[in-house]
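Single-letter residue listing:
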Amino acid sequence: MTTSPWWVDEDFWRKMAIWVTTLMALVLIGLTFDSVTQITAGSERVPAYSVINHRIYYRWDDSRNFQVPVIGDPAPLFGKSLTEIEAEALVSKGKITTQAKNCMNCHTLLGNGAYYAPDLTKAWLDPSWGAEVVREQLMIQFLMDPETNARGFGSTRKMPNLDITEEEARGVVAFLKWMSSIDTNGFPRNFTPIAQEGDR
Amino acid sequence: MNARTLDSSHLTGGQKLAIKYFTVAVILFTAQILFGLISGYQYLAPEFGYNVLDFNVTRMVHINALVLWLLYGFIGGIYWLVEEESGTELVGLRLANFAFWLLTLAVTVVVLVFLFIQTGPGDMSTLWLINEGREYIEAPRWADFGIVVCMLIFFWNIAATFMKGKWSGISGVLVLDLVALAGVYLAGMVYTPNISVDQYWWWWVIHLWVEATWEVLVACIMAWGLIKTLGARRKIVTTWLYIEVAMMFGSGILGLGHHYFWIGTPEYWLSIGGFFSALEPVPLVAMVVHAVYDSGVHKFKNSNHPALAWLIAHAFGNFFGAGVWGFMHTLPQINLYTHGTQWSASHGHLAFFGAYATINIAIFYMALQKWRGNVYMSAGLEGNGWKWKWALGLLNGGVVGMTIALLISGYDQAFIERALGGATWAAYFDAQNGVWFIQGLWWRQLFGFMTAAGLIILIWDLLTIGRNEKRSIQLVGDNTAAEVTS
Ligand code: HEM
Ligand code: HEM
Ligand SMILES: [Fe+2]
């Protein structure tokens, strides 16, 4: 009779498997409570939906060593300031629309999704919209008729026509504006935002 | 003619059911490859299917067919082994058959709706009836419930069968793992307007499936497969399984953090995610050691050459695809630039194929062996076994080729779009229009066709292997003893 050393002992490893798994699962659950609190809309990292009433911009943060979103002066979306509840409804309309139209299977959002079309995380702040004043209207037009309004960027890829209504398009723009205010720990790195008056 | 037919009287009830699952799996695999080829082609010729069968549709079918055929393969694989492993008959065969047809009906409807209705108006009805619009788990809400019902029936059947018969180390791990696998699926079923919270839970499904619960599930199948093909000793295999579970869950659960770097979640995930996910390759190395060592101990004498070859392909594919390709972009310093580029696609292809497609194919071969009446499948098959060898070579070569091609495009993209370009839309297209990037996509397409050729030969082989074989299975190792008791 030989007893096997611990490192090949079945019993030892069964207990190890159980304990390690339990421990890790508990740690994950604990962290999840904390993380979900920190990313609930209205927190520091993920602003309230009414942030769409304000100008959103990017500023270099020396202590964190990357750019962070800054919430600036009032700049209501479509010229109308919304209550928290109205803002949430509008953003939610946009979020559902992005799901219903399956945006994520061409685009990435917060860097996750498909790679056929550009990332939407900072779509609101993208310099290609030209000037701040025309941006909202251009975005609505583009979403409702991406075929005619395609800018191409030297590629023949074009966004398809997804039958987006004006109401849905407004929601999507609100959703995109809100998303651009999320603190993403500096992703995408060195992003060059649209030129905005009054900042810098 | 004394050709061997496919004779189901060799099979137990659960095994007959498994064959049905395998059949649908192969059909979905074919659909996956077909739609992959179309999506790949749309990169090269964007007008193809424009406004009719757009990229988001073809890609959705591509990845959903993937997830589904792997799940079908796993469920089939477990129904295949449950009766032998528990030493008793499946407790609810009729119900299990019902669940199969229900699931298959649901899947058919979902795919048809994806193809022909595609998208809907921006309200909840679309999420319930047409498309949930979240990558990999696009199935609409009604189908989610159907899937959950079928999974419950499946789970109950497996657990109750083991309870009636005998438990083993493998079956204990398997059943607990299935609880977790089904549990995390629920995390993906809620709607929230908050994209950060949305993606937080979405990753619970995706990551905790492929890097935790699925890994353990295939480790169970692998353990059983090594006992079957090589006659490896159960005690050793079971001990290995426990070690792998400890290491896999020990690293993979908190490794989830590598998806929480940039979605709004707190900064502590940069260290936790980076550290634990960097450890994830360790169990995958252990698996390679395990498989190769066991095969070596048995001098590669085994009862099923194609199956063992695919099991070894699994060990290496898992190690390279998940372990090496995953490690390459898992540290936040690197992921900051590669996140959401063709790097991710490169890794996704090699990992899914290497870790999961391979082991399913191994089980298909083991099933066919028995279905043809425990036919001989060791050395010196008809035509020197050219079909399975070519299928193995073309499929693996094709996927490795695509992986490398995408990696080159991914490097180019990360460099031009992210590092130099400032990650704007213009920078994105600068990269996409680059000569090297596009070359990579052409190579991907070429290797895609190689993969497809491999699949065709694989199906041909699965349909014909052993048909003209006169010899019977060559038992090896511990399997030669009458009944193995542990
Ligand atoms: C004929 C061969 C194939 C071709 C041409 C192909 C093509 C594609 C394309 C174009 C995409 C979309 C990527 C993007 O958004 O830019 C994709 C995604 C994907 N494919 Fe394939 N594919 C093939 C085979 C496979 C195989 C064999 C597997 C795994 C077993 C696989 C797994 C995946 C996965 C997991 C994704 C999502 C990747 C991600 O989002 O990072 N594909 N494929
Ligand atoms: C068999 C196991 C695995 C499979 C099937 C798998 C598959 C995938 C897929 C499909 C994606 C892309 C998800 C998307 O569409 O956004 C992904 C992302 C990722 N995987 Fe894995 N993976 C596996 C294991 C691993 C391991 C072991 C590591 C680390 C060592 C890893 C690291 C990563 C990272 C860092 C990302 C994020 C990529 C990004 O930022 O865009 N994976 N994985
Ligand atoms: Fe992961």
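Please read these numbers as outputs of a predicted model, since none were measured by experiment.

Caption draft 1: View of the site of ligand 2. Taken together, 28 residues surround ligand 2, and among them B:Y136, B:N335, B:H339, B:S344 and B:H347 come closest. Positioned at a junction of chains, ligand 2 has nearby residues supplied by chains A and B. A distance of 2.6 Å is found between an oxygen atom of ligand 2 and a side-chain nitrogen or oxygen belonging to B:S344. Counting only elements with at least two residues in the shell around ligand 2, the list comes to α7 (195–230), α11 (305–328) and α13 (342–371) of chain B. With seven residues, the single largest contributor to the shell around ligand 2 is α13(B). Of the residues in the shell around ligand 2, the class split is ten nonpolar, 14 polar and four charged.

Caption draft 2: Highlighting the interface of chain A and chain B. Contacts between chain A and chain B engage 86 residues on the former and 84 residues on the latter. Where chain A abuts chain B, roughly 7300 Å² becomes buried across the two surfaces, and 62% of that area is made up of carbon and sulfur atoms. Where chain A touches chain B, the interface holds three salt bridges. For A:R64, the salt bridge goes to B:E267, with nearest N and O atoms at 2.7 Å. On the surface where chain A and chain B come into contact, there are 44 residue pairs in polar contact (both at pLDDT 80 or more). Going through the elements one at a time, α1 (10–38), α2 (84–100), β3 (108–109), β4 (112–113) and α4 (166–179) of chain A are the ones with two or more residues in the side of chain A that touches chain B. Examining the composition of the side of chain A that touches chain B, we find that 17 residues originate from one element, α1(A), more than from any other.

Caption draft 3: Geometry of the packing of aromatic side chains. If you walk through the whole model with that rule in mind, you get 47 aromatic pairs over all chains. Here A:F12 and A:W13 contribute two aromatic rings whose centre-to-centre distance is 5.1 Å and whose plane-to-plane angle is 85 degrees, an arrangement assigned as edge-to-face. Consider the rings of B:Y260 and B:W269, whose centres lie 5.0 Å apart with planes at 80 degrees: the pair is edge-to-face. Each member of the pair B:Y260 and B:W269 is classed as buried. What links up through ring pairs into an aromatic cluster is the set B:Y21, B:Y72, B:Y79, B:F100, B:W101 and B:F154. The side chain of A:R170 reaches across the aromatic face of A:F78, ending 4.4 Å from its centre. Seen from the ring of B:W460, B:K387 lies directly overhead, with NZ or CZ sitting 4.6 Å from the centre.

Caption draft 4: Region of interest: the environment of B:F154. Residues and elements named next belong to chain B. Mapping F154 onto the fold places it in helix α5 (residues 141–164). Residue classification places F154 among the buried residues on the basis of a relative accessible area of 3%. In sequence terms F154 and S251 are 97 residues apart; their C-alpha atoms lie 28 Å from each other.

Caption draft 5: Representation of the site of ligand 1 within the structure. Near ligand 1 there are 27 residues, and of these A:Y115, B:Y43, B:R59, B:H62 and B:H349 occur at the shortest range. Note that a nitrogen atom of ligand 1 is positioned 3.4 Å from one of the side-chain N or O atoms of B:Q32. Broken down by secondary-structure element, the contributors of at least two residues to the shell around ligand 1 are α1 (13–44), α2 (55–86), α13 and α16 (435–464) of chain B. Looking at the shell around ligand 1 residue by residue, the classes come out as 13 nonpolar, eleven polar and three charged.

Caption draft 6: Region of the structure containing the coordination of the iron atom of ligand 2. Protein coordination of the iron atom of ligand 2 is limited to a single donor, B:H347 (NE2), positioned at 2.0 Å. The metal-metal distance between the iron atom of ligand 2 and the iron ion (ligand 3) is 4.3 Å.

Caption draft 7: Inspection of the domain arrangement of chain A at higher detail. Each assigned domain of chain A is listed here: domain 1 (6–38) and domain 2 (49–179). Inter-centroid distance (C-alpha atoms) of domain 1 of chain A to domain 2 of chain A is 40 Å.

Caption draft 8: The pattern of salt bridges, seen in detail. Going through the model one piece at a time under the given rule, you end up with 18 salt bridges over all chains. In this structure, B:K370 and B:E84 form a salt bridge, with 3.7 Å as the shortest nitrogen-oxygen distance. Placement of B:K370 in helix α13 and of B:E84 in helix α2 is noted, with a sequence separation of 286 residues between them. Classification of B:K370 by relative accessible area gives buried; the value is 17%. The structure contains a network of salt bridges with shared partners spanning A:R45, A:R64, A:D183 and B:E267.

What counts, and at which threshold
Residues numbered from 1 in each chain as written. Chains lettered and ligands numbered in written order. Predicted model: local features only at pLDDT ≥ 70, side-chain atom pairs only at ≥ 80, totals over all residues. Heavy atoms only, no water. Near = heavy atom within 4 Å. Polar contact = N/O pair within 3.5 Å; in protein donor to acceptor, adjacent residues only side chain to side chain. Helix = DSSP H or I, 4+ residues; strand = E, 2+ residues; numbered from the N terminus. Nonpolar A, V, L, I, M, F, W, Y, C, P; charged D, E, K, R; others polar. Contact = heavy atoms within 4.5 Å. Buried area = accessible area lost by both parts, 1.4 Å probe. Salt bridge = Lys/Arg side-chain N within 4 Å of Asp/Glu carboxyl O. Phe/Tyr/Trp six-rings, centres within 6.5 Å; stacked < 30°, edge-to-face > 60°. Buried < 20%, exposed > 50% of the residue type's maximum accessible area, 1.4 Å probe, protein only. Lys NZ or Arg CZ within 6 Å of the ring centre and 35° of its normal. Donors = N, O, S within 2.8 Å, 3.2 Å for Na, K, Ca; no water. Domains from an automatic or database assignment.

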